[in-house]
Amino acid sequence: MEKIYLSELKSNETISRDLYNTHGAILVHKGTKMTDLLKHKLLKNDVQFFFSTRKLTPITAEYAKFFDDTTIRKAEKANKVYQESFDELANQFEFFKDNYHLNKKVITDIATQLADSISGSDQVFVGIQGIKEKDFYTYTHSLNVAVFSIIFANSMSLSTAETREIALAALLHDIGKIQMPDSILTKPFKLTVSEMNQMKNHPKIGYDILKNELSYSEEIALAALQHHEKVNKKGYPYGLSWDSLHPYSRMLAICDIYDAVTTNRVYREGMLPHQGINFLMSIVGSELDFSLTTQFVRSIAPYPLFTKVLLNTGEEGVVIRLHGNYPHRPVVRLIHHNLVRDLMSELTVFVSEVLK
Ligand SMILES: [Fe+2]
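Let me sum up the structure you'll find in this document. (Residues numbered from 1 in each chain as written. Predicted model: local features only at pLDDT ≥ 70, side-chain atom pairs only at ≥ 80, totals over all residues.)

**Some points on the nonpolar core**
No. 1: Counting 76 residues, the largest nonpolar core has A146, A167 and L171 as its most contacted members.
No. 2: For this core, the element with the highest residue contribution is helix α6 (residues 137-155), accounting for 10 residues.
No. 3: If we ignore the near neighbours within four places in the chain, the residues touching A167 are A111, L114, A115, A146, S149 and I150. (Core = buried A, V, L, I, M, F, W, Y, C linked by C-beta atoms within 7 Å. Buried ≥ 20, exposed ≤ 12 C-beta atoms within 10 Å, placed from the backbone. Helix = DSSP H or I, 4+ residues; strand = E, 2+ residues; numbered from the N terminus. Contact = placed C-beta atoms within 7 Å.)

**Quick word on unusual backbone geometry**
No. 1: Cis rather than trans, the peptide bond between Y236 and P237 has omega equal to 10°.
No. 2: On the secondary structure map, P237 appears in the loop between α11 (218-226) and α12 (247-262).
No. 3: One non-glycine residue, S157, lies in the positive phi region at around 55°.
No. 4: By secondary structure assignment, the location of S157 is in the loop between α6 and α7 (160-172).
No. 5: Overall, the presence of 8 C-beta atoms within 10 Å leaves S157 in the exposed class.
No. 6: The backbone of S215 sits at a positive phi, close to 55°, despite the residue not being glycine.
No. 7: By secondary structure assignment, the location of S215 is in the loop between α10 (202-213) and α11.
No. 8: Its 9 C-beta neighbours within 10 Å are what place S215 among the exposed residues.

**Description of the packing of α6 against α12**
No. 1: The geometry of α6 relative to α12 is characterised by a closest axis approach of 9 Å and an angle of 125° between their N-to-C directions. The angle between α6 and α12 places the two elements in the oblique class. Regarding α6 and α12, the two cross each other, and that crossing is right-handed. Within the contact between the two elements, α6 uses H141, N144, V145, F148, S149 and F152 and α12 uses M251, L252, C255, D256, Y258 and D259. (Axes fitted to C-alpha atoms, helices over the stretch in contact; angles between N-to-C directions. Parallel < 35°, antiparallel > 145°, perpendicular 65-115°, else oblique. Left-handed = near helix turned anticlockwise from the far one by under 90°.)

These results come straight from atomic positions and should not be treated as a statement about function.
Here it is, written out as structure tokens:
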């Protein structure tokens, strides 16, 4: 991904590629003429640089030889839905930032399309967790949380309407961050205490935007307000008790932490899925509750499709299939031998490490 500084662009130059901001939304469209006025406008909005590509790398091409055509097609479709949802979401949020107008129908359509396409192909979707860009964090995070909340809702047999609703709540849960300065949102290292305090306002701002400005339901607005509350009442903004939270808020709190710890950030590598699961279990009792967290952990495969693993036999392989109730004993296709090991039938073989 190439970083292009505004100062490098000549006046009257016709821009040959779309230019994106740090959130992944298009700032300057391909074919636009870079005038002095436009430069001035961008500088006024504190735009100093752009990214020239926003490629959310699909992981299917690399592993195509290990999978059958149906799985590859499913994974490609999942990637397409994800990519299109990302584009729409980024554009809607950027437009909202500048004009304070959000097309609610478009956001609802994204939630519905995601919710409807994930049912029945969870394993493939978990596999798109390979898309973990360190740039464009804010919008990919909202989308990932939506994907996890749908898988979570499916595992709890929530109705179609509820699943779509929690997906919508997930897409909007961090909307309050729109009012946070980019200098805080994209800061590549730890926030100062005052920056952190400012950041901790985003749930209240989000609630206000959703409830009062955009007239969303109380459920949707509460998910934004309560997703950083914790079991030990040390969450923010209010330090509420876990039992008093709306059920969607409790579910999103779990999805939010899982995505945050498993995503690459500028200042640190994200954890692997099984490490993320271990991390969630380590904060059960203090930050999260036992029954809901174990339910989430059961719904998320520790070794999703496409995961590269090392077996205790010393062999390296790729997870090509999961057994519904035993996701920790996947079917592994060996990389250096044309062999498949089904860990459900070879009980002395197990995954000893997840490889990058
Ligand atoms: Fe948040």
